[in-house]
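# Overview (structure and organization)
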Amino acid sequence: MPVKRTSPRSSQLWSSAGLPVLGAVLAVALWWLATRVFNIEPFFLPAPPDVVDAFFRLPAYLLSEAWVTFLETVTGFGIAAAGGLAIAIVLAASRTIERMTLPLIAGINAVPKVALAPLLLVWIGFGTQPKIVMVVLLCFFPILVSAMAGLTATPSDLSELASSLAASWWQTFVKVRLPWALPQVFVGLKVATSLAIVGAIIGEVIQPDRGLGSVVVSSGQSADTPLAFAALTLLAIMGAGLFYLVGALERILVPWARAIAS
Amino acid sequence: MTGAQTSGSMMINLSEVSRSFKSRTGTVKALENINLDIRDGEFMAVVGRSGCGKSTLLRLIAGLIPQSAGDVRVDGEPVTRPRRDVAMMFQRPALLPWRTVLSNVLLPVEIFRWHRSEHRDHAMHLLEMTGLDGFAKRLPHELSGGMQQRVSLCRALIQRPKVLLMDEPFSALDALTREEMATELQRIHMDLGTTVVFVTHSIQEAVLLADRVAVLSARPGRLRQLVDIDIPRPRSFGHNAHMDQVAACSAELHQLLLGSDSPERVGPTELVV
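Only a predicted model underlies this, so the values are computations on that prediction, with no experimental measurement involved.

A common way to express how large an interface is: the accessible area buried when the components associate. Residue and element names in this part refer to chain B. Domains assigned within chain B are domain 1 (10-85 + 161-271) and domain 2 (95-160). With centres defined by C-alpha atoms, the gap from domain 1 to domain 2 works out at 26 Å. Contacts between the two partners involve 16 residues from domain 1, matched on the other side by 14 residues from domain 2. Buried surface at the junction of domain 1 and domain 2, both sides included, amounts to about 1300 Å², of which 64% is carbon and sulfur. The interface formed by domain 1 and domain 2 includes two salt bridges. Two residues, Glu 184 and Arg 150, come together in a salt bridge whose shortest N-O distance is 3.1 Å.

A few words on the packing of helix 8 (residues 169-206) of chain A against helix 9 (residues 212-221) of chain A. Residue and element names in this part refer to chain A. For the pair helix 8 and helix 9, interaxial distance at closest approach is 7 Å and the crossing angle is 45 degrees. Taken together, helix 8 and helix 9 sit at an angle that is classed as oblique. In this structure, helix 8 meets helix 9 at a crossing whose hand is right-handed. Counted together, Ile 201, Glu 204 and Val 205 of helix 8 and Leu 212, Gly 213, Ser 214 and Val 217 of helix 9 form the full contact between these two elements.

Here we take up the interface of chain A and chain B. The interface is formed by 17 residues belonging to chain A together with 22 residues belonging to chain B. Across the chain A to chain B interface the summed buried area is about 1900 Å²; carbon plus sulfur atoms make up 70%. One can count three salt bridges joining chain A with chain B. Ionic pairing is found between A:Glu160 and B:Arg59, a salt bridge with its closest N-O pair at 2.6 Å. Across the contact surface, chain A and chain B share four residue pairs in polar contact (both at pLDDT 80 or more). Elements with a contribution of two residues or more to the side of chain A that touches chain B: helix 7 (156-164), helix 8 and helix 11 (255-261) of chain A.

With that settled, the discussion passes to the sheet that holds strand 5 (residues 77-78) of chain B. All names here are of chain B. Strand order in this open sheet of four strands is 2-1-4-5, and the pairing throughout is antiparallel. Strand pairing shows two members of the sheet lacking a second neighbour, strand 2 (26-39) and strand 5, which therefore form its edges. In the sheet, strand 1 (residues 10-23) pairs with strand 4 (residues 69-74) via five bridges, with the strands oriented antiparallel. Residue pairing for strand 4: Ser 15 is matched across the bridge by Asp 71. The sheet strands contacting helix 1 (residues 54-62) are strand 1, strand 2 and strand 4, and the helix crosses strand 1 at an angle near 120 degrees.

Our focus in this paragraph is helix 2 (residues 48-57) of chain A. Residues and elements named next belong to chain A. Along helix 2, the positions that sit buried rather than exposed are Pro 48, Val 51 and Ala 54. The arc that holds every buried residue of helix 2, seen down its axis, measures 120 degrees, which confines them to one face. Of the exposed residues in helix 2, the ones pointing more than 90 degrees away from its buried face are Asp 53 and Phe 56.

Residue and element names in this part refer to chain A. Parsing chain A into structural domains produces domain 1 (17-46) and domain 2 (54-261). Computed from C-alpha atoms alone, the centre-to-centre distance between domain 1 and domain 2 is 30 Å. Every contact between the two is made by seven residues of domain 1 and, on the other side, five residues of domain 2. Roughly 430 Å² of surface becomes buried between domain 1 and domain 2 when both sides are summed, with 77% attributable to carbon and sulfur atoms. In terms of surface lost to domain 2, no three residues of domain 1 exceed Trp 31, Phe 43 and Pro 46, which account for 69% of the buried area on that side. At the boundary of domain 1 with domain 2, the tally comes to zero salt bridges. The tally of links from domain 1 across to domain 2 stands at one residue pair in polar contact (both at pLDDT 80 or more). When grouped by side-chain class, the residues that make up the side of domain 1 that touches domain 2 number seven nonpolar, no polar and no charged.

All names here are of chain B. The peptide bond linking Arg 233 to Pro 234 adopts the cis configuration, its omega dihedral lying at -5 degrees. Within the element layout of this structure, Pro 234 appears in the loop between strand 10 (222-228) and helix 8 (243-258). The residue Arg 113 is not glycine, and still its phi comes out positive at about 55 degrees. With respect to the helices and strands, the residue Arg 113 is situated in the loop between helix 3 (107-111) and helix 4 (116-129).

To continue, consider the sheet that holds strand 3 (residues 43-48) of chain B. Residues and elements named next belong to chain B. Read across the open sheet, the six strands follow the order 6-7-8-3-9-10; overall the sheet is mixed. The two strands at the open ends of the sheet, each matched to only one other strand, are strand 6 (86-89) and strand 10. In this sheet, neighbouring strand axes are inclined to one another by 20 degrees on average, regardless of whether the strands run parallel or antiparallel. The sheet contact formed by strand 7 (residues 163-167) and strand 8 (residues 195-199) spans five bridges and is parallel. Opposite Asp 167, over in strand 8, you have Val 199 as the bridge partner. Sheet strands in contact with helix 8 are strand 3, strand 9 (212-217) and strand 10, and its direction is about 170 degrees off that of strand 10.

What follows covers the nonpolar core. Residue and element names in this part refer to chain B. Counting 73 residues, the largest nonpolar core has Ile 12, Leu 14, Ile 34 and Leu 165 as its most contacted members. Ignoring any residue separated from it by four or fewer positions in sequence, one finds Leu 14 in contact with Ile 34, Asn 35, Leu 36, Asp 37, Leu 57, Ile 61, Asp 71 and Val 72. By size, the runner-up hydrophobic cluster in this structure holds 49 residues, among which are Val 109, Leu 126, Leu 132 and Ala 206.

The rules behind each value
Residues numbered from 1 in each chain as written. Chains lettered and ligands numbered in written order. Predicted model: local features only at pLDDT ≥ 70, side-chain atom pairs only at ≥ 80, totals over all residues. Heavy atoms only, no water. Domains from an automatic or database assignment. Contact = heavy atoms within 4.5 Å. Buried area = accessible area lost by both parts, 1.4 Å probe. Salt bridge = Lys/Arg side-chain N within 4 Å of Asp/Glu carboxyl O. Axes fitted to C-alpha atoms, helices over the stretch in contact; angles between N-to-C directions. Helix = DSSP H or I, 4+ residues; strand = E, 2+ residues; numbered from the N terminus. Parallel < 35°, antiparallel > 145°, perpendicular 65-115°, else oblique. Left-handed = near helix turned anticlockwise from the far one by under 90°. Polar contact = N/O pair within 3.5 Å; in protein donor to acceptor, adjacent residues only side chain to side chain. Pairing = 2+ DSSP bridges. Buried < 20%, exposed > 50% of the residue type's maximum accessible area, 1.4 Å probe, protein only. Arc of directions from axis to C-beta. Nonpolar A, V, L, I, M, F, W, Y, C, P; charged D, E, K, R; others polar. Core = buried A, V, L, I, M, F, W, Y, C linked by side-chain atoms within 4.5 Å.

Next up, the structure:
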């Protein structure tokens, strides 16, 4: 364990809030500097003020499209999380089912999900549904795989303890295996947050009717690069927000995980 | 043959017990023809080299694995599955890291579907007895290795076991903590009178704690000898009046363990006292 010199409160606040903000500010400053020093056209790479201007040109439009994308992302993520966890539990419960389906799952996981987008159009049609399905497709597997890894990683001493107490399968599962798997589950959920946004945008770029993906497509057609960047910035903020939200949930639900990992 | 010993005062009876495991190279005999009777309230230490089947012996008594041949009885009944009045303590504390100390101690209560409220006071009393009062609300990772093992002991004792099986419980601790824990275990055993089977590598621990020491020889694991430790309690690691006896017992066990790879074939039956 590292020795803390400053008072723990302030140094914790600094490292959990101060450092990420500093990182973002530095990145934006570097971007700005690059556009100035190399004299880059806004059409090619807009400077941060151009992007801010573009946002304030059409704030209501951008925010309502962002809301559409956000709903697709969160809905798909929620479905994938619930489904991935449920199926992981079924697979962990039965070796037979696991043996039967694992190759299938690995195979389906290897299919590039983007290639399925035209099929989704055929199967589901237009609107928000095919986008949600795309989000689910991208998020489902990392959540499933990490939950499986967690559920099968119960330490042997804890399993032996449970059997020495003659605990039933269900008791062992609820009191030992599932809580032990939670940190791994959160690894999958965190990976899935960014994939969820990628999924929503793939869907929206292929069917550009609504959402920030459609904003990017239409601003490309009208050569409005700053507007595209405004949309991308909103996506980045959304992605970071979701990531930290899941991280906060992890701290609340499995506060012990960090402690035993160190 | 062991009929005379299977009376009411015997807590554990092993007769003609063998256990073999299948491995890639064939069948390995972990234990062969073990006859051992352990009295109610007795502290039995089991020593032997690595791989002599000490842990296997414990797991047979615990009902975690079945014997290949012979008869294993606890309190007169054949062991077929883990019993609630037999508690097991492992080399590692095996605490659930998300549960507080108190909640870890109460885990068996939950598994047995007993009423938590009825055992809470008992749990607090056990924590107090092992010097953990004030730590009930802490999480395991906030405790030292020795303290974690004390929690593990409390968790075993919450079952009010007739038999406490301990599988090298102090071997992962540092030397000083081991001595502390052994001294404390002696006190607890004197207080509660639980029958204890204590597997250890340490001759010192065996001599400090045990009424009798079972010395196992390795591959296949056979009962080489039973050594009586007739030293009055409380015993201690330090200087005291019984140092000569302690030294004599230690030397005898040492000799038996060193020679245990080439046993001069002692028939197990004649060893049963």
